[in-house]
Amino acid sequence: MTNSEHGHGAAPGIAAKKLPHDLRIIAWEITRRCPLSCRHCRAGAQDRDYAGELTTSECLRVLDSMLPELRPMIIWTGGEPMYRPDILELVRGASERGFRSVMAPCGTLVTRKALQELKDAGIMACSFSLDGATAATHDAFRGVDGAFANVTRAMSIAAEINMPFQVNVTVSRLNKEELPLIRETAVRLGAGTLDLFFLVPVGRGSALRDLSLAPEDTDSVLRWAFEMDEQGPIRVRETCAPQAVRIWHAAGRQGRAPSGCMGGRGFAFISHTGVLQPCGFLDVDSGNLREYGFDFKKAYCHSKVFNDLRQTERYGGACGVCGFRQACGGCRARAYAATGDYMASEPSCPLAAR
Ligand code: SF4
Ligand code: SF4
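Computed from a predicted model, the values in this text were never measured in an experiment. (Residues numbered from 1 in each chain as written. Chains lettered and ligands numbered in written order. Predicted model: local features only at pLDDT ≥ 70, side-chain atom pairs only at ≥ 80, totals over all residues.)

## Let's talk about the overall build of the protein chain
When helices and strands are counted, the protein chain shows 13 helices and nine strands. A buried classification covers 50% of the 354 residues belonging to the protein chain. In the protein chain, the proportion of contacts linking residues at least 24 apart, taken out of those at least 6 apart, comes to 70%. (Helix = DSSP H or I, 4+ residues; strand = E, 2+ residues; numbered from the N terminus. Buried ≥ 20, exposed ≤ 12 C-beta atoms within 10 Å, placed from the backbone. Contact = placed C-beta atoms within 7 Å.)

Rendered as structure tokens:
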């Protein structure tokens, strides 16, 4: 199957279908402009204006139709979401409509005043990315000197104004040995959670395919994450390593079970130009909000791609016959990057790689 076979299909303007009651989180790439040039960036974002970004009034129309009955949480992301001159208006608009908001700034634009204003507008928590435990390793990965100093300064400001924050780390062969040190840094800076994002080799990240962890290494980092989470003092979670579900059950662990791939199954992404995707890494047009008159609900309910992804029994290869198919699902973006088919088997799982 190819990308073109997975167009969103349904014509705009047709009657709304029954609502699939699964949407919990929407990540909204409110702008693609970014001051950094991270090596793994899914969007290849640059520090320049991008054509066709949604205007303030268009964004507010999207918010009006964003399924208040499900109350999904909005992650304001980018690019650098703080580059949007109307970001406070948008966050306030979300708060007024009853949505919870969190934000993923890169740190460069964070000042005490700006972060306090975002907090007052309704941002409940932030995430900051730290991909190395030192300025040398972090700045090399982020592509900008001073990125480490900036992001750690932003975290200190968040701590000062009591803005809860988590540290996100993109896990790759480059930093897997540094993870214990990155965790210590996160603890020292006052993070509540360390969230391990396993490298998905798309965008600039596709040049990093060789830097993705081997399937066995993914498993061992996940086991380390479970242990560290149990040990405290901060939570250690994993994102975009859906096979964590399998490892969790195999180890007979108790407590918080990890979640599998939520792409299109509980999670939706809106691009800077208003295109729906199952997640930011799965760059497949799943409905263009402009074509749907900025009606999020209609676009979401009619999305062929989202409906495909809910049918886990149609997944290919090992994932399609795996007992963890529903809970794990395999990373659809890695499957797509490797084969051009988002319904194919997940290449980074040892079960699928056999
Ligand atoms: S498709 Fe992959 S990158 Fe996207 S949410 Fe699922 S696990 Fe994460
Ligand atoms: S084969 Fe697929 S569904 Fe099964 S554990 Fe691996 S990635 Fe998950």
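## Focus: the site of ligand 2
Around ligand 2, the surrounding shell holds 15 residues, and the nearest of these are Cys319, Cys322, Cys328, Gly330 and Cys349. Among the elements of the structure, helix H11 (317–320) and helix H13 (350–353) are those that each provide at least two residues to the shell around ligand 2. Counted by class, the shell around ligand 2 contains nine nonpolar, three polar and three charged residues. (Near = placed C-beta within 6 Å. Nonpolar A, V, L, I, M, F, W, Y, C, P; charged D, E, K, R; others polar.)

## A look at the nonpolar core
Core analysis: the largest hydrophobic core is formed by 95 residues, its most contacted members being Trp28, Cys126, Phe128, Val169, Leu289, Tyr300 and Ala333. Among the elements that make up this core, the one with the highest residue count is helix H5 (residues 147–160) (six residues). (Core = buried A, V, L, I, M, F, W, Y, C linked by C-beta atoms within 7 Å.)

## Re the confidence of the model for the protein chain
When pLDDT is averaged along the protein chain, the result is 87, and 88% of the positions lie at 70 or above. Averaged pLDDT values for the elements of the protein chain fall to 71 in H13 and rise to 98 in helix H3 (residues 112–121). Between residues 1–16, whose pLDDT stays under 50, and residues either more than four places distant or in other chains, the model counts 30 contacts. (pLDDT = per-residue confidence, 0-100.)

## Section: the environment of Glu117
Looking at the element boundaries, Glu117 is found in helix H3. On the basis of neighbour counts, which here come to 14 C-beta atoms within 10 Å, the residue Glu117 falls in the partly exposed class. Along the chain, Glu117 and Leu88 lie 29 residues apart, while their C-alpha atoms are 7.5 Å from each other.

## Quick look at the site of ligand 1
In the neighbourhood of ligand 1, 14 residues make up the surrounding shell, with Cys240, Cys261, Gly263, Cys279 and Cys331 lying closest. When residues of the shell around ligand 1 are assigned to their parent elements, the largest contribution, three residues, is made by helix H12 (residues 332–339). The residue makeup of the shell around ligand 1, split by class, is 11 nonpolar, one polar and two charged.

## A look at the sheet that holds strand S6 (residues 193–198)
Across the sheet, which stays open at both edges, the nine strands sit in the order S7-S6-S5-S4-S3-S2-S1-S8-S9 with mixed pairing between neighbours. Of all the strands in the sheet, the pair left with one neighbour each is strand S7 (235–239) and strand S9 (276–277). Packed onto the sheet, helix H2 (residues 87–96) meets strand S2 (73–77), strand S3 (101–103) and strand S4 (123–129) and runs at close to 150° relative to S3. Of the strands in this sheet, S4 and strand S5 (165–171) touch H5, which is tilted by about 155° from S4. (Pairing = 2+ DSSP bridges. Axes fitted to C-alpha atoms, helices over the stretch in contact; angles between N-to-C directions.)

## Considering helix H6 (residues 179–189)
Listing the buried residues of H6 in full gives Ile182, Arg183, Thr185 and Ala186. Relative to the axis of H6, the buried residues are bounded by an arc of 160° and lie together on one face. Exposed residues on H6 whose side chains face more than 90 degrees from its buried face are Pro180, Glu184 and Arg188. The secondary structure elements touched by the buried residues of H6 are S5, S6, helix H7 (215–231) and S7. Backbone geometry just downstream of H6 places Gly190 in the positive-phi region, at approximately 95°. (Arc of directions from axis to C-beta.)

## Some details on the pairing of strand S1 (residues 25–29)
Across the five residues that make up S1, a large majority, four, are buried. Across five bridges, S1 lies against S2 in parallel orientation. Within S2, the residue paired with Glu29 across the bridge is Thr77.

## What to know about the environment of Ser127
Examined against the element boundaries, Ser127 turns out to sit in strand S4. For Ser127, a count of 19 C-beta atoms within 10 Å puts it in the partly exposed group. For the pair Ser127 and Ala104, spaced 23 residues apart in the sequence, the C-alpha separation amounts to 4.9 Å. Sequence-distant contacts of Ser127, that is, excluding residues within four places in its chain, are made with Ala104, Phe165, Gln166, Asn168 and Asp195.

## Some points on the environment of Glu58
Here Glu58 is to be found in helix H1 (residues 56–64). The class for Glu58 is partly exposed, based on 14 C-beta atoms found within 10 Å. Spatially, the C-alpha atom of Glu58 lies 9.2 Å from that of Gly274, the residues being 216 residues apart in sequence.

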